[in-house]
Amino acid sequence: MRLSANFSLNEMLVSQVAERAGGEMLQQQTNPEREIIDGLQYLAQTTLQPLRTLLRTAITVSSGYRCPLLNTHIGGSASSQHMQGEAADLSISSELLHRPSRERIRDIVAEKVRLETGREVAPHANANFYLFATACFYLDELDVDQVIHEYGGDGAPAWVHISSSRGARNRREILIKRKGEGYGKLALPQALMLGCRTD
């Protein structure tokens, strides 16, 4: 089942942990309730697909829906939006940084960062930073509940967590999660400065 032009239900459900565990966990993970599917479709159509279209680059879902058994098994939060079909952990292809055909897109994001911070994007900023920055710029338009710069280094997130909810939540929060630390809230300039030159 396609949730949007570039996102499928299957990629939102796949879990190596559930596959290895099998049994009841795999059964729950691969057979979500209709309400979960509706939430995933809303997330894909309202938030993920517009990001994919804006950046014209493939986005990979590393974690979408998590059934309660899977979420407990991996130590996820009891209130995780992954369990509601409202969140996904994403990485964007490094083609965004290296393909000449993506240069115009990179320049647009970098210019928006410069206008907001007065600084240039740093050489260490990875493709996921461009995804993170774009989601930050369009929190309202994409109905983003939370966007989180997760692990990796500053300006080079290992992945980007994005959640969206059908009217239940509209926190419009930007956060960072570093290894060994809790979640920290960021204002837009602070978030963008993570990937900027400091010299």
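Everything below is about the structure shown above.
Thresholds applied
- Residues numbered from 1 in each chain as written.
- Predicted model: local features only at pLDDT ≥ 70, side-chain atom pairs only at ≥ 80, totals over all residues.
- Heavy atoms only, no water.
- Helix = DSSP H or I, 4+ residues; strand = E, 2+ residues; numbered from the N terminus.
- Rg over C-alpha atoms; globule rule 2.2 N^0.38 Å.
- Contact = heavy atoms within 4.5 Å.
- Areas by Shrake-Rupley, 256 points an atom, 1.4 Å probe, with all protein chains shown as cover.
- Lys, Arg positive; Asp, Glu negative; His and termini not counted.
- Charge placed at Lys NZ, Arg CZ, Asp CG, Glu CD.
- Core = buried A, V, L, I, M, F, W, Y, C linked by side-chain atoms within 4.5 Å.
- Buried < 20%, exposed > 50% of the residue type's maximum accessible area, 1.4 Å probe, protein only.
- 1 Å grid on protein atoms, 1.4 Å probe; cavity = no way out; pocket = protein on both sides within 12 Å on 5 of 7 lines; lining within 4 Å.
- Points joined across faces, edges and corners; volume = space filled by probe spheres on them.

Right, let's talk about the overall build of the protein chain for a bit. Along the protein chain, the regular secondary structure elements total nine helices and six strands. Here the C-alpha atoms of the protein chain give a radius of gyration of 17 Å, agreeing with the 16 Å that 2.2 N^0.38 yields for 199 residues. Along the first, second and third principal axes, the C-alpha set of the protein chain runs to 55 × 35 × 30 Å. Looking at the protein chain alone, contacts between residues at least 24 apart form 71% of all its contacts between residues at least 6 apart. Accessible surface for the protein chain amounts to roughly 9700 Å². Of this, 48% is attributable to carbon and sulfur atoms. Of the side-chain charges in the protein chain, 22 are positive and 23 negative, and the distance between the mean point of each set is 4 Å.

Once that is clear, we can look at the nonpolar core. Counting residues in each nonpolar core, the largest one holds 52 residues, and the members touching the most others are Phe132 and Val147. In this structure, Val147 is in contact with Phe132, Ala135, Cys136, Leu139, Val160, His161, Ile162, Glu173, Ile174 and Leu175, ignoring residues within four places of it in sequence.

What follows covers the environment of Glu150. As for its position among the elements, Glu150 is in strand 3 (residues 146-150). We classify Glu150 as buried; its relative accessible area is 5%. Taking the C-alpha atoms as reference points, Glu150 and Val17, 133 residues apart in sequence, are found 20 Å from one another. Discounting chain neighbours no more than four positions away, the residues touching Glu150 are Asp89, Pro157, Ala158, Trp159, His161, Lys177 and Tyr183.

Bringing the layout of surface pockets into the picture now. In this structure, the largest pocket encloses a volume near 470 Å³. Residue lining of the largest pocket: 21 residues in total, with Ser77, Ser80, His82, His161 and Tyr183 positioned closest to the centre. Contributions of two or more residues to the lining of the largest pocket are made by strand 3, strand 4 (159-163) and strand 5 (173-177). Among the elements that take part in the lining of the largest pocket, strand 3 stands out by supplying three residues, more than any other.

Geometric descriptors of this kind do not, in isolation, establish any biological role.
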